[in-house]
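# Residue-level structure breakdown
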Amino acid sequence: SGDEFVVLNKDSQDTYCDTIAQEIITTIKDKTFDLDHNNQEIHIYLNITIGYAYETSHILEKANLALNFAKNRQLTFKKYSNDLQLEHNIEENIK
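Everything in this summary refers to the structure shown in the same document.

Conventions used here
Residues numbered from 1 in each chain as written. Predicted model: local features only at pLDDT ≥ 70, side-chain atom pairs only at ≥ 80, totals over all residues. Heavy atoms only, no water. Buried < 20%, exposed > 50% of the residue type's maximum accessible area, 1.4 Å probe, protein only. Helix = DSSP H or I, 4+ residues; strand = E, 2+ residues; numbered from the N terminus. Pairing = 2+ DSSP bridges. Core = buried A, V, L, I, M, F, W, Y, C linked by side-chain atoms within 4.5 Å. Contact = heavy atoms within 4.5 Å. 1 Å grid on protein atoms, 1.4 Å probe; cavity = no way out; pocket = protein on both sides within 12 Å on 5 of 7 lines; lining within 4 Å. Points joined across faces, edges and corners; volume = space filled by probe spheres on them. Nonpolar A, V, L, I, M, F, W, Y, C, P; charged D, E, K, R; others polar.

### Digging into the pairing of strand β2 (residues 40-45)
Of all 6 residues in β2, 0 are buried, a share of ten percent or less. The pairing of strand β1 (residues 32-37) with β2 spans 6 bridges and is classified as antiparallel. For His37, the partnering residue across the bridge sits in β2 and is Gln40.

Below, the structure is given as structure tokens:
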């Protein structure tokens with residue numbers, strides 16, 4: 001669990017989104033936050049999962065579907081696709 005954020009960029013291309021997602025993940029995973037609390041060293045590491053959609057309609061719903069897919073499968077990022085929607089529909093019908 002954690003916080004979720006949205007970034008919207010109407011002018012980017014599909015390959016650009018892949019590159020940016022990977023750069024965000026690399027930047028965050030390479031950071032360690034070191035704290036000194038009551039003379040005790042604390043090291044904090046962050047993990048990030050990105051789900052995104054390169055669509056014109058229902059973009060937030062599609063990005064959220066990709067995010068949940070990535071989280072459930074412990075992936076660092078996932079781009080929405082129609083196949084992903086189909087798989088989600090099949091899983092929901094089985095339940």
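Continuing now.
### A short note on the nonpolar core
In globular proteins that are soluble, nonpolar side chains generally tend to be buried together. Core analysis: the biggest nonpolar cluster contains 7 residues, these being Ala53, Ala63, Leu65, Ala66, Phe69, Tyr80 and Leu84. Per-element accounting of this core gives the leading share, 4 residues, to helix α2 (residues 59-72). The contact partners of Phe69, leaving out residues within four places of it in the chain, are Leu75, Lys78, Leu84 and Glu87.

### Re the layout of surface pockets
The space that makes up the largest pocket amounts to roughly 1,200 Å³. Lining the largest pocket are 33 residues, and of these Phe5, Val6, Thr49, Ile50 and Gly51 lie nearest its centre. Elements with a contribution of two residues or more to the lining of the largest pocket: α1 (14-29), β3 (50-52) and α2. Broken down by class, the residue content of the lining of the largest pocket amounts to 20 nonpolar, 8 polar and 5 charged. Surrounding the second largest pocket, Leu65, Asn68, Phe69, Asn72, Arg73, Leu84, Glu87, His88, Glu91, Glu92 and Lys95 form its lining. Listed by contribution, the elements that provide at least two residues to the lining of the second largest pocket are α2 and α3 (82-94). If one sorts the elements of the lining of the second largest pocket by residue count, α3 sits on top with 5 residues.

### Thoughts on unusual backbone geometry
Positioned with a positive phi, His58 is a non-glycine residue whose angle comes to about 55°. Looking at where His58 falls in the secondary structure, it is placed in the loop between β3 and α2. Using a relative accessible area of 54% as the deciding quantity, one classes His58 as exposed. The phi dihedral of Gln74 falls on the positive side, at around 55°, and the residue is not glycine. The exposure class assigned to Gln74 is exposed, which follows from its relative accessible area of 75%.

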